[in-house]
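Letter by letter, the chains look like this.
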Amino acid sequence: MSQRDHWGSRLGFVLAAAGSAVGLGNLWKFPYIAWNNDGGAFVYVYLVCIAVIGLPLMMAEIMIGRRAQTSPVPAYGQLGFPKWAFVGWIGVAAGVIILAFYVVIAGWSISSFYNCLRWSFSGYHNDVDFGAFVGSGSTQISLSLVFLFITAIIVSRGVSKGIEKATKIMMPVLFAILLYLVINSGFLDGFGKAFTFLLRPNFGEFFAHPHGILEALGHAFFTLSLGMGAMVTYGSYMSKGESITRSAIAIVVLDTVIALTACVIMYSIIFSVPELQERLRGGGMSTSSMLFVTLPEMFYTKVPGGVFVGPIFYILVGFAALTSTISLLEVVTALLVDKLNIPRTKATFSAAGGIGVLTIGAALSLGASEFLTNMKLFGPLEWLNHKITADKAGVLAILDHVSANWFLPVGGFLFAIFVGWVFKKKDAVEELELQNADGSPSFWFNAWYFAVKVICPLVIGYIIFKVLKGADFS
Ligand code: TRP
């Protein structure tokens, strides 16, 4: 086999991995779960989850990838534990499932961008019926498949010439756009209130109904792209001799700062428009309508400079989603390349083709096909539908539910058990390079090891237990 491709630089790796982490989860999901949990204490709890569960698992995934220098399924065999390959398979299945529905939502950024351009040039009219838009089969299929195709083109070009090159352009653009948007929010009346809402220590209220803790945990997984081997895959293209710890910290910090920035941008608008707060307090902030319906309306009616902010905002959403879909497709592609030894282009387009079929199902499940919109995973088996899919109906909702509630937590749990209890401690010390001068594990190694060995399995095990009892993260 030819020489394995590697990242051209540490910055390239960090940007690609941060690109994977920063996605719809940051711009779409975090702002609304933080809003619905009343900000403040929820945000602090989330930060603790990121530090205690997210960062250690991020380091563990990168470490296993770099040690094995191969994708998640063969990695376990490569390290001498072939029986654990099934954990890699769970991850690949999760990747297929997430990518299949993620591109449907990502595709909306294309049409929103187009609408905003239209409005910027010829004036705003509230002329988009969101229900009709998502219910149009041909529109949803075209947008999502275009997004999948763009992803495949980048992935097919390889790690350093495709993924790294594309993320090195997209991520700086994304930072610049966010900076512009935050500065712009600084001119809104709600800016200060947005900060207060995010950072006030309302622990008393929060811990009276601490259901938000589980949501914070579940989201920590999703937003950092953990639990399915995406970071194992990216880590496998990392060269020896670069610090895993420093890279992982950079990725986690970038992801967190961007999620909080997205909140500041959106909440500044919400707190500047009293009617909007009423609307959101009443019904809670619903997922898609905030990002794709309410925000564009606000841009053109309430936000100064909205004619620029509108289109630019959806470039941000599109780029953030694209750097994430790239990592999802790379997990499946890398497996085909490493396991079947087929050329990358063929591997990429076969993977995308297969996933595309599922995507069509998801695209038609928002109203276009009555059957796909109302179907239950286990058909008439009520009990299983209830237990496993929380009675979700429709392809997209089911895929979202099973990935966030089952595949990622179970994958993450088994992975933590593997690294904490099966993988040799000595090898971990060596790979993470966290030794004292005499070669013994350093304090930080021990802290990391305790988190992966004890805290992660307990906490993730608890999430799985709650899911079994009916909790829902999607
Ligand atoms: N982290 C991404 C987001 O926040 C989603 C994502 C990309 C993902 N790759 C993943 C989630 C791998 C889990 C696993 O939008």
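For the structure, check the block above.
Residues numbered from 1 in each chain as written. Predicted model: local features only at pLDDT ≥ 70, side-chain atom pairs only at ≥ 80, totals over all residues. Heavy atoms only, no water.

A. Looking closely at the overall build of the protein chain. The helix and strand inventory of the protein chain stands at 22 helices and zero strands. For 474 residues, the compact-globule estimate of 2.2 N^0.38 gives 23 Å, and the protein chain sits close to it at 22 Å. For the protein chain, the proportion of its 474 residues judged to be buried stands at 57%. In the protein chain, 80% of the contacts between residues at least 6 apart in sequence involve partners at least 24 apart. Only carbon and sulfur atoms are counted for the fraction: they give 67% of the accessible area of the protein chain, which is about 18400 Å². (Helix = DSSP H or I, 4+ residues; strand = E, 2+ residues; numbered from the N terminus. Rg over C-alpha atoms; globule rule 2.2 N^0.38 Å. Buried < 20%, exposed > 50% of the residue type's maximum accessible area, 1.4 Å probe, protein only. Contact = heavy atoms within 4.5 Å. Areas by Shrake-Rupley, 256 points an atom, 1.4 Å probe, with all protein chains shown as cover.)

B. Spatial organisation of the packing of helix α8 (residues 159–185) against helix α16 (residues 306–340). Here α8 crosses α16 at 150°, and the two axes come no closer than 9 Å. Once α8 is placed against α16, the crossing between them reads as left-handed. On α16, the residues that touch V159, I163, T167, M170, M171, V173, L174, I177, L178, Y180, L181 and N184 of α8 are F308, V309, I312, F313, I315, L316, F319, A320, L322, T323, I326 and E330. A breakdown of the residues in the contact of α8 with α16 according to their chemical character gives 20 nonpolar, three polar and one charged. (Axes fitted to C-alpha atoms, helices over the stretch in contact; angles between N-to-C directions. Left-handed = near helix turned anticlockwise from the far one by under 90°. Nonpolar A, V, L, I, M, F, W, Y, C, P; charged D, E, K, R; others polar.)

C. The side chain of S403, seen in detail. Among the structural elements, S403 can be located in helix α20 (residues 395–422). A distance of 2.9 Å separates the side chain of S403 from the backbone oxygen of L399, its partner in a polar contact. In this structure the side chain of S403 is engaged in a polar contact, spanning 3.0 Å, whose partner is the backbone oxygen of D400. Among all residues touching S403, those that are not within four sequence positions of it are I97, I98, F101, L408 and P409. (Polar contact = N/O pair within 3.5 Å; in protein donor to acceptor, adjacent residues only side chain to side chain.)

D. Spatial organisation of the pattern of salt bridges. Across all of its chains, the model carries 13 salt bridges by this definition. Across the pair E330 and R344 runs a salt bridge whose closest N-O atoms are separated by 2.9 Å. You can see E330 sitting in helix α16 and its partner R344 sitting in helix α17 (residues 344–363), a full 14 residues away along the chain. For the residue pair E330 and R344, the accessibility class agrees, reading buried in each case. Here D427 ties to K426 by a salt bridge, and the two come within 3.5 Å at their closest N and O atoms. Taken together, the salt bridges that share partners define one network made up of R66, R67, K240, K426, D427, E430, E431 and E433. (Salt bridge = Lys/Arg side-chain N within 4 Å of Asp/Glu carboxyl O.)

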